[in-house]
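# Residue-level structure breakdown
Here is how the chains run, residue by residue.
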Amino acid sequence: MKAVGRTGRAVLSTYFGLLVLFLYAPLIVLLVFAFNSGNIPALPIKSFSTKWFSSAFSDTTLTSALLRSFLIAAVNGLAATLLGVMAAVSLARRRLALRTVVVTLILIPLVVPYIVLAVGMVVLLHQLGIATSLAAVLAGHVVISLPYSVLVILPRLRTLDASINEAAMDLGASELRAFWFVTLPLLGPALFSSFLIAFTISFDEFAIASFLAPPGSPTYPVVLYSSSRTPALLPEVIAIGSIVIVLSLALVMLAEVARRTAERRLEARAEAPPLTAG
Amino acid sequence: MLTAVTPSAYVVIVLLVPIVLIGLYSFGLITNVVGTHAAFSTSDWSDFLTGAGNPFRGRFFTSMIVTLVVSGAAVLGAYPLAYFLAFVAGRHRYTVLLLILAPFFTSYLLRVIAWQVILNNNGVINSALWQLGLRAHGHAISWLIYSKFSVALVLFYAWVPFVALPIFVVLDNLDRRLLDAAHDLGAGRLSTFLRVTLPMSLPGVAAGFVFVLIPTTGEFIAPLLVGGPSSQLFGNSIQAFFSDTPDWQYGSVLALTLVAVVLVMLALFGRFIGGDLTQPEAEGA
């Protein structure tokens, strides 16, 4: 028996269609009004125009914030992936002292509300007598990205055949050399995913940045927020936002294609005859 | 050894030490107010916990109710979606799942701004109603924005796709033979669903519920953009104490309360979201 009858199928399919519409409506609204010449994003739609894009790109507050966020996100991607690899390697070991403590520490950032992390870091910097800075924003972003990075890298690390590494070491490679030349290349796709996830987390992050970015050098979400409260700047926000959304969606698709390709390659390898045969 | 210590130490320094400092601030053991010296005091705690008609305690309870309602609604909204993916979508269900999850990976702030554009007093919905002649021009629907409704709607929107994920995983891995067995034993579709599928999918439902509950307890962005004065959440109070009207000691009391709430939630539901990270090796690896 099918789990769903004909009526059920119709009802569920309709619901699904409506929900997809609901999920994409805000994105569509941004895309439509990015090209609308009117000063207020409302109906009726005025004429087609790309003026908001040119005014957005000549707004140096916005463009320099974009550049800032891009750099922080890139460094965050690298740093979180590096720490993530370290954590994953230790957790993949058969024996690890205080495993529960390590696991708990690495997963804690998933459940601590960002607002608590943000005000906590404000207090920490104050106690240390350090001014808020973009480095502090980066430090916060690395800590919230770390668990995602580990959750992406560790499963991949576990699927690797430990004997490949042992073979390298039997042939005279040091542990570090074996890791660098054997394990790391095999981790490639997972490292790439980890970088992308950490990049995205940092690039969009508002709560921590709003507390820790110095007033003179706000990150892109901070500018986005303050501009969205100024009606005159809202169309620019929408224009830039529509570009960011299209790029993010493209990135999601790229990551999915990369994941599938990697999976297919793994399957192909699994089907190949073992090296010891014959 | 170094590989375990470095990331752990990092989390301790950047996350746990600050929380300890917040704890010290909340009891007045450290202060940032010039001219006062630090001394142990429970005054802010007792004001928050027992002060008659304390507005922050009131906001805390309102906030928790909003969070619970949103989490419940998100589970109700996500269940049919997960069910569709698992039982109707067929061979391409992973592609369809990606279609659902993709908006989740775009900027949260941007999507909230988009909702502001939609719900605004002269926004997309109101202006559409005026154009269609369904409402007198200039008369906006009052509860559409700057209300508890708008805050809840945006939070529901943000979390629905994500909640569908754990429910889908459970439904997709359900042993279909159990459904056949129920049918062979004379159960109809409805009673199979109510007595087999639904009970077996509850761990996924619980996981989805917690996935929304925990992050929304500290939410302050949606209320800033689409909430009004009466629909600010607990997170907004914390934010205000550390920015607009600085009082770090009181703010620390509220921040630590939020940490305590999360700990309680984890104690209650943690087992539904635990991964296999605590095991040295995944089964079958």
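Residues numbered from 1 in each chain as written. Chains lettered and ligands numbered in written order. Predicted model: local features only at pLDDT ≥ 70, side-chain atom pairs only at ≥ 80, totals over all residues.

### Remarks on the overall build of chain B
In terms of regular secondary structure, chain B is built from 12 helices and 0 strands. For chain B, the C-alpha atoms occupy an extent of roughly 80 × 70 × 40 Å along the three principal directions. Counting the 285 residues in chain B, one finds 45% classified as buried. Relative to all contacts within chain B whose residues are 6 or more apart in sequence, the contacts with residues 24 or more apart total 68%. (Helix = DSSP H or I, 4+ residues; strand = E, 2+ residues; numbered from the N terminus. Buried ≥ 20, exposed ≤ 12 C-beta atoms within 10 Å, placed from the backbone. Contact = placed C-beta atoms within 7 Å.)

### Some points on the overall build of chain A
Scanning chain A from N- to C-terminus turns up 11 helices and 0 strands. Secondary structure elements of chain A occur, N-terminal to C-terminal, as α-α-α-α-α-α-α-α-α-α-α. For 278 residues, the compact-globule estimate of 2.2 N^0.38 gives 19 Å, and the C-alpha radius of gyration of chain A, at 24 Å, exceeds that figure by more than 25%. In terms of overall dimensions, chain A has a C-alpha envelope of 75 × 65 × 35 Å along the principal axes. Expressed as a percentage of its 278 residues, the buried residues of chain A come to 42%. Residue pairs in contact within chain A that sit at least 24 positions apart in sequence constitute 74% of those at least 6 positions apart. (Rg over C-alpha atoms; globule rule 2.2 N^0.38 Å.)

### Things to note about the interface of chain B and chain A
Contacts between chain B and chain A engage 74 residues on the former and 78 residues on the latter. A total of 16 residues in the side of chain B that touches chain A trace back to one element, the largest contributor, which is helix α1 (residues 2–26) of chain B. Residues belonging to the side of chain B that touches chain A are distributed by class as follows: 52 nonpolar, 18 polar and 4 charged. (Nonpolar A, V, L, I, M, F, W, Y, C, P; charged D, E, K, R; others polar.)

### Examining unusual backbone geometry
Residues and elements named next belong to chain A. The omega torsion across L43 and P44 is 0°, close enough to zero to call that bond cis. As for its placement among the helices and strands, P44 is situated in the loop between α1 (6–34) and α2 (51–57). You will see that L98, though not glycine, has its phi angle at about 55°, which is positive. One can find L98 in the loop between α3 (60–92) and α4 (99–111). Taking the number of C-beta atoms within 10 Å as the measure of exposure, L98 has 12 and is therefore exposed.

### Digging into the packing of α1 of chain A against helix α5 (residues 108–119) of chain B
Angle between the axes and distance between the axes: these two values describe a pair of packed helices. At their nearest, the axes of α1 of chain A and α5 of chain B sit 9 Å apart, and the two run at 75° to each other. Here α1 of chain A lies roughly perpendicular to α5 of chain B, going by the angle between them. Between α1 of chain A, through P26, L27, V29, L30 and F33 of chain A, and α5 of chain B, the contact on the second element is made entirely by L110, R111, A114, W115, V117 and I118 of chain B. Taken together, the residues that form the contact of α1 of chain A with α5 of chain B break down as 10 nonpolar, no polar and 1 charged. (Axes fitted to C-alpha atoms, helices over the stretch in contact; angles between N-to-C directions. Parallel < 35°, antiparallel > 145°, perpendicular 65-115°, else oblique.)

### Brief notes about the environment of G216 of chain A
In this structure, G216 of chain A sits in the loop between α9 (207–212) and α10 (220–228). Spatially, the C-alpha atom of G216 of chain A lies 40 Å from that of V257 of chain A, the residues being 41 residues apart in sequence.

### A look at the nonpolar core
Counting residues in each nonpolar core, the largest one holds 166 residues, and the members touching the most others are A118 and V119 of chain A together with A82 of chain B. Among the elements that take part in this core, helix α7 (residues 148–172) of chain B stands out by supplying 17 residues, more than any other. Dropping the residues within four chain positions of it, V119 of chain A is found in contact with F211 of chain A together with I22, I238, F242, G251 and A255 of chain B. (Core = buried A, V, L, I, M, F, W, Y, C linked by C-beta atoms within 7 Å.)

### Overview of helix α8 (residues 175–204) of chain A
Because an α-helix packs 3.6 residues into every turn, residues spaced three or four apart end up facing the same way. Taking 1.5 Å of rise per residue, the 30 residues of α8 of chain A would be expected to cover 44 Å, yet its terminal C-alpha atoms sit only 38 Å apart, more than 12% below that figure. Along its length, α8 of chain A reaches its greatest deviation from straightness, about 60°, at G188 of chain A, and the proline P189 of chain A lies no more than four positions downstream. (Expected span 1.5 Å × (residues − 1). Bend = angle between axes of the 7 residues up to and from the residue.)

### Quick word on the packing of α7 of chain B against helix α9 (residues 189–217) of chain B
All names here are of chain B. Contact geometry of α7 with α9 gives a least axis separation of 8 Å together with a crossing angle of 155°. Here α9 runs roughly antiparallel to α7, going by the angle between their axes. Considering only the axes of α7 and α9, their crossing is right-handed. Where α7 abuts α9, its residues L155, W159, F162, V163, P166, I167, V169, V170 and L171 lie against S201, P203, G204, V205, A207, G208, F211, V212 and T216. By residue class, the composition of the contact of α7 with α9 is 14 nonpolar, 4 polar and no charged. (Left-handed = near helix turned anticlockwise from the far one by under 90°.)

### Quick notes on the environment of A128 of chain B
Along the polypeptide, A128 of chain B turns up in helix α6 (residues 124–131). Expressed as a C-alpha distance, the spacing of A128 of chain B and I118 of chain B, which sit 10 residues apart in the sequence, is 10.0 Å.

### As for α7 of chain B
Residue and element names in this part refer to chain B. Compared with the 36 Å implied by 1.5 Å per residue over 25 residues, the 35 Å span of α7 between its first and last C-alpha is a close match. Roughly 40° is the biggest bend found in α7, and it falls at W159, with proline P161 one to four residues downstream. Across the 25 residues of α7, 20 count as buried, placing the element largely inside the fold.

### Describing the confidence of the model for chain B
Residue and element names in this part refer to chain B. On average, residues of chain B score 89 in pLDDT, and 95% of them are at 70 or above. Per-residue pLDDT stays below 50 along residues 281–285; that stretch engages in 6 contacts with residues further than four places along the chain or on separate chains. Reported confidences for the modelled complex are a pTM of 0.89 and an ipTM of 0.89. (pLDDT = per-residue confidence, 0-100.)

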